[in-house]
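Residue strings, one per chain:
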Amino acid sequence: MAIYIKGKGNISPQQTWGDSPLLETPVPAKGNRFTCVEPDYTQYMDVRQLRRMSRILKMGVASGSMALKDAGITVPDGIITGTSYGCLEDTGIFLSKMISNVEHALNPTPFIQSTHNTIGSQIALLLQCQGYNQTYTQRAFSFENALLDALMELQETPAQHFLVGAADEITDTSHTIQQRFGIFKDEHRAGAINGEGVAYFVLSGEKSSKDKVSIHSLATFYNADEIALTKGVHQFLSDAKMKAEDIDLLLIGTQGEASEDASLQSTAASLFPSGAKGYFKHLSGEYPTAAAFAVWLAARVIETQTVPESVSRGKASRPLQRVLIFNSYFGKYHSLILLEAC
Amino acid sequence: MKGTVHVAGTGIISAIGNSVSETLAAFQAQRSGIGHITLFDSVHKNVLPVGEVKLSNADLCDTLWMPAHTSRTALLGIYAAREAVKASKVDIKRWRTGVISATTVGGMDRTENFFIDYLADNTKGKLRNVMHHECGMSTEQIADDLGVNGFISTINTACSSSVNAIALGSRLIKHNQLDVVIAGGTDALSKFTLNGFNSLMILDQQPCRPFDASRSGLNLGEGAAFVVLVSDRVLEAEKIKASAYVNGYANTNDAYHQTASSPEGRGSFGAMQKALAMSGLSPQDIDYINLHGTGTLNNDLSEGTAIARLYGDRYPKLSSTKAFTGHTLGASGGIEAVFSVMAIREQCVFPNLRFETPIPEVGIVPQKSFESGLDIKHVMSNSFGFGGNCSSIIFSKN
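Residues numbered from 1 in each chain as written. Chains lettered and ligands numbered in written order. Predicted model: local features only at pLDDT ≥ 70, side-chain atom pairs only at ≥ 80, totals over all residues.

J.: Got a minute to help me understand the overall build of chain B in this structure?
T.: If you tally the helices and strands in chain B, you get twelve helices and twelve strands. Relative to a compact globule of 398 residues, whose C-alpha radius of gyration would be 21 Å, chain B shows 20 Å and is just as compact. The principal-axis extents of the C-alpha atoms in chain B amount to approximately 60 × 50 × 40 Å. For chain B, with 398 residues in total, the buried portion stands at 64%. In chain B, once contacts between residues fewer than 6 apart in sequence are set aside, the share between residues at least 24 apart is 80%. (Helix = DSSP H or I, 4+ residues; strand = E, 2+ residues; numbered from the N terminus. Rg over C-alpha atoms; globule rule 2.2 N^0.38 Å. Buried ≥ 20, exposed ≤ 12 C-beta atoms within 10 Å, placed from the backbone. Contact = placed C-beta atoms within 7 Å.)

Structure representation (structure tokens):
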């Protein structure tokens, strides 16, 4: 069964909120790091609340508000969030103070705001939403797990609206440490660009005449080799009662690291030989919940029936009915998310 | 949405024992696991009591054959998950199997050591000590250890996390997405959480006294616990018996304050009420409630008020087991789920240690001693967390 996208809010390294045309002038990364284009937060919360919030909380509350406004919903029936790193800024502040103050005279606020569920619960608190509230933190399945939860919840009770999204931030500390792992590009080698972003969607199991895009199905593959992955993709298509040719655009999560990308490209090429292919991580950067950016992009592509030149060079030769996101995270996490025009 | 989700096996490690049988023996002997900090250096050593698992990292690595840099959270998780799978007698590789864990600290016990060197010089600090920081890393290691690659997930809704993990596992089986789910949670003690809770001034310098009028805070604990959830089909094909099944669960948000519960316990009341509605049981059908009962002024009053609203004076046998184990944060829902299943399997209830005087506002008198030979059909377990996350789960006798 499908669930319908009623509203979207996306704060990303690109101009993805407001009325600007879809990814018309892509913002490049600074070196190997992307930074979100943030809105004026005073539109979404009062100054007193803002002062107490870390950057990821502000982005979470603002993108949640954007999605709810877009959907015309005041309070959703539940809130489901995916985040791998959680609230890194506050975690770093509390850790640093704990060490430098030798465990004395610590301010509890960064500790309170360091847990992963702070984002979803802060939104619940501001909206006074007492419904279902869940936070997933399985690295590059965090957002997929949130979507799967929503799919099941809305299958059980379709006439509900859930706010479902994902959030991951880069801090100076996290970037410095991650660079030392050698996973990002630098002057010596090609590699991923560190990314970040927060995106929320309002989803419902009930269709209305205004709806343009639905999320059809999804699948995750942990630690799958090429054989297991190929089998998994075939199974996914057959469960969806579709063939590879039915996919009008394949959005591939290549990240810039040559050997990882080659394997993903070859799997994608053999499974989907004919259809148009597009890419998104040169716009979002690589981060565990980048699939949420891809869902926003896929939904916009279907709504506008245009594929931005920065996403795919070839001209679309047919209506864009179905977009399949084929994501990979350092070869260990693979996922598929299928979006369909209503 | 059909069929029953059975509990085919349980595994547990906490301050009161390294297995289900050791845990039961500790309850029978009313032996608390609360003591001094021995695992790490801290200015709070000999000041703040904690519930440590009585195995060092080196002991755990030796027993489990795991590399020395593995986070304690992962080690405890692997320890309990192995016991649960073994006890279930299910051939997990034969089925569509998932691992759903819950944790709030993840690899923080190693990250906090990395940070000492890193803060002095950001080119320093051994990367192997920070590579397991993400919560999901501990779940990867548990899944890899068990040989599971079908489905993995991690939940972090603070102290209600592992009830949500068991609920998700149950739903995936009911939706016919999976056949077997190893669900629960794991959290190791860390300086980060110890100092965090201390900064909130909710740690008791004495062994904690949940639901007592004189309570003045919680003791942190650590541990891990998992249940093996299986469908009817698996139970039949594997020719195994399950003493309990998952009968209802609910997740709500108190939406009152980031760390404090509402005075009327609206989130906890809602969670209990919805879990009961799902199971089709009335409050009076519940034979035992394993309370969240952390020992803080706020939690116990709020939870007690919610119980009083639900039951009036006619509440069932109930107790908080945190005076034994300490508050094991993200693992507590899993640990107390295993206690709930033990209550059904052994037909017993566990004492609320160190209780003397009821909280005047609610007057609830919890179970004071270990009692067996009872008729326990339905057990409810509560877990509430920061951010207003409230979850309740009901296990019933098969």
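J.: Would you explain the overall build of chain A in this entry?
T.: When its secondary structure is counted, chain A shows eleven helices and ten strands. What you see for chain A is a C-alpha radius of gyration of 19 Å, in line with the 20 Å of a compact globule of 342 residues. Counting only C-alpha atoms and orienting by the principal axes, one finds that chain A spans roughly 60 × 50 × 35 Å. Put simply, chain A has 342 residues, and 56% of those count as buried.

J.: Would you mind going over the pairing of strand β7 (residues 223-230) of chain B with me for this structure?
T.: Residues and elements named next belong to chain B. In terms of residue burial, β7 counts as a mostly covered element, since eight of its eight residues are buried. Neither face of β7 is left uncovered, since the one carrying Gly 223, Ala 225, Val 227 and Leu 229 and the one carrying Ala 224, Phe 226, Val 228 and Val 230 both have all their residues buried. Of the pairings in the sheet, the one linking strand β1 (residues 5-14) to β7 comprises eight bridges and is antiparallel in character. For Ile 12, the partnering residue across the bridge sits in β7 and is Ala 225. As judged from the eight bridges shared by strand β5 (residues 180-187) and β7, these two strands associate in the antiparallel manner. Across the sheet, the residue bridging to Ala 183 is Val 227, located in β7. (Pairing = 2+ DSSP bridges.)

J.: Would you take a moment to explain the nonpolar core for this structure?
T.: In a soluble, globular protein the nonpolar side chains are often hidden away together inside. Counting residues in each nonpolar core, the largest one holds 222 residues, and the members touching the most others are Leu203(A), Leu251(A), Val295(A), Ala298(A), Val227(B) and Leu229(B). Tallying contributions element by element places helix α11 (residues 290-304) of chain A first for this core, with twelve residues. Setting aside anything within four residues of it in sequence, one finds Leu229(B) in contact with Val5(B), His6(B), Val7(B), Gly169(B), Ser170(B), Ile173(B), Val180(B), Val181(B), Ala183(B) and Val246(B). (Core = buried A, V, L, I, M, F, W, Y, C linked by C-beta atoms within 7 Å.)

J.: How should the interface of chain A and chain B be read in this particular structure?
T.: Reports often express the size of an interface as the amount of accessible area lost when the parts come together. Residue-level contacts link 48 residues of chain A with 48 residues of chain B. Listing elements by their share of the side of chain A that touches chain B, those giving two or more residues are α3 (88-100), α4 (108-112), α5 (118-127), β3 (132-136), α6 (142-156), α7 (172-180) and β6 (213-222) of chain A. In terms of residue count, α3(A) provides more of the side of chain A that touches chain B than any other element does, six residues in total. When grouped by side-chain class, the residues that make up the side of chain A that touches chain B number 21 nonpolar, 22 polar and five charged. (Nonpolar A, V, L, I, M, F, W, Y, C, P; charged D, E, K, R; others polar.)

J.: Sorry, what's going on with the packing of helix α6 (residues 161-174) of chain B against helix α12 (residues 332-346) of chain B here?
T.: If you want to describe how two helices pack, look at the angle between their axes and the distance between the axes. Residues and elements named next belong to chain B. In the contact formed by α6 and α12, the axes pass within 5 Å of each other and the chain directions differ by 65 degrees. Here Ser 161, Ser 162, Val 163, Ala 165 and Ile 166 of α6 come into contact with α12, specifically with Gly 333, Gly 334 and Ala 337. Residues that form the contact of α6 with α12 fall into these classes: four nonpolar, four polar and no charged. (Axes fitted to C-alpha atoms, helices over the stretch in contact; angles between N-to-C directions.)

J.: Whenever I open this one, the packing of α3(A) against helix α4 (residues 108-120) of chain B confuses me. Can you help?
T.: With their axes 10 Å apart at the nearest point, α3(A) and α4(B) run at an angle of 70 degrees to one another. By the angle between their directions, the pair α3(A) and α4(B) is classed as roughly perpendicular. Note on element contacts: α4(B) touches α3(A) through Glu112(B), Phe115(B), Ile116(B) and Leu119(B), opposite Leu95(A), Ser96(A), Ile99(A) and Ser100(A). Taken together, the residues of the contact of α3(A) with α4(B) break down into five nonpolar, two polar and one charged. (Parallel < 35°, antiparallel > 145°, perpendicular 65-115°, else oblique.)

J.: When you look at the environment of Phe34(A) in this model, what are you seeing that I'm missing?
T.: All names here are of chain A. Turning to its location among the elements, Phe 34 is positioned in the loop between β1 (3-11) and α1 (47-52). Separated by 92 residues in sequence, Phe 34 and Leu 126 have C-alpha atoms that sit 29 Å apart. Look past the residues within four positions of Phe 34 in its chain and what remains in contact with it is Pro 13, Ala 29, Ile 193, Asn 194, Gly 195, Glu 196 and Gly 285.

J.: Where do I start with unusual backbone geometry in this structure?
T.: Across residues other than glycine, the phi torsion is negative in most instances, and most of the peptide bonds are trans. One non-glycine residue, Asn176(B), lies in the positive phi region at around 60 degrees. Note on placement: Asn176(B) falls in the loop between α6 and β5.

J.: Hey, could you run me through α7(A) in this one?
T.: Helical geometry: 3.6 residues make up each α-helical turn, so side chains three or four residues apart lie on a common side. All names here are of chain A. Where α7 is concerned, the buried positions are Ser 174, Ile 177 and Gln 178. The buried side chains of α7 occupy one side of the element, clustering within an arc of 95 degrees when seen end-on. Away from the buried face of α7 by more than 90 degrees, exposed residues Asp 172 and Thr 176 are located. (Arc of directions from axis to C-beta.)

J.: It is not clear to me how the pairing of β1(A) should be interpreted in this structure. Could you clarify?
T.: The side chains of a regular strand alternate, residue by residue, between the two faces of the sheet. All names here are of chain A. Burial analysis of β1 places nine of its nine residues in the buried class, which makes it a mostly covered element. Pairing of β1 with β6 involves two bridges; the strand directions are antiparallel. Bridge pairing links Ile 3 to Ile 215 in β6.

J.: Explanation requested: α3(A) in the structure shown.
T.: Residue and element names in this part refer to chain A. For α3, which comprises 13 residues, the first-to-last C-alpha distance of 18 Å matches the rise-based estimate of 18 Å (1.5 Å per residue) to within 8%. Those residues of α3 not exposed but buried are Leu 88, Glu 89, Asp 90, Thr 91, Ile 93, Phe 94, Leu 95 and Met 98. After α3 finishes, the residue Val 102 shows a positive phi value of roughly 45 degrees. (Expected span 1.5 Å × (residues − 1).)

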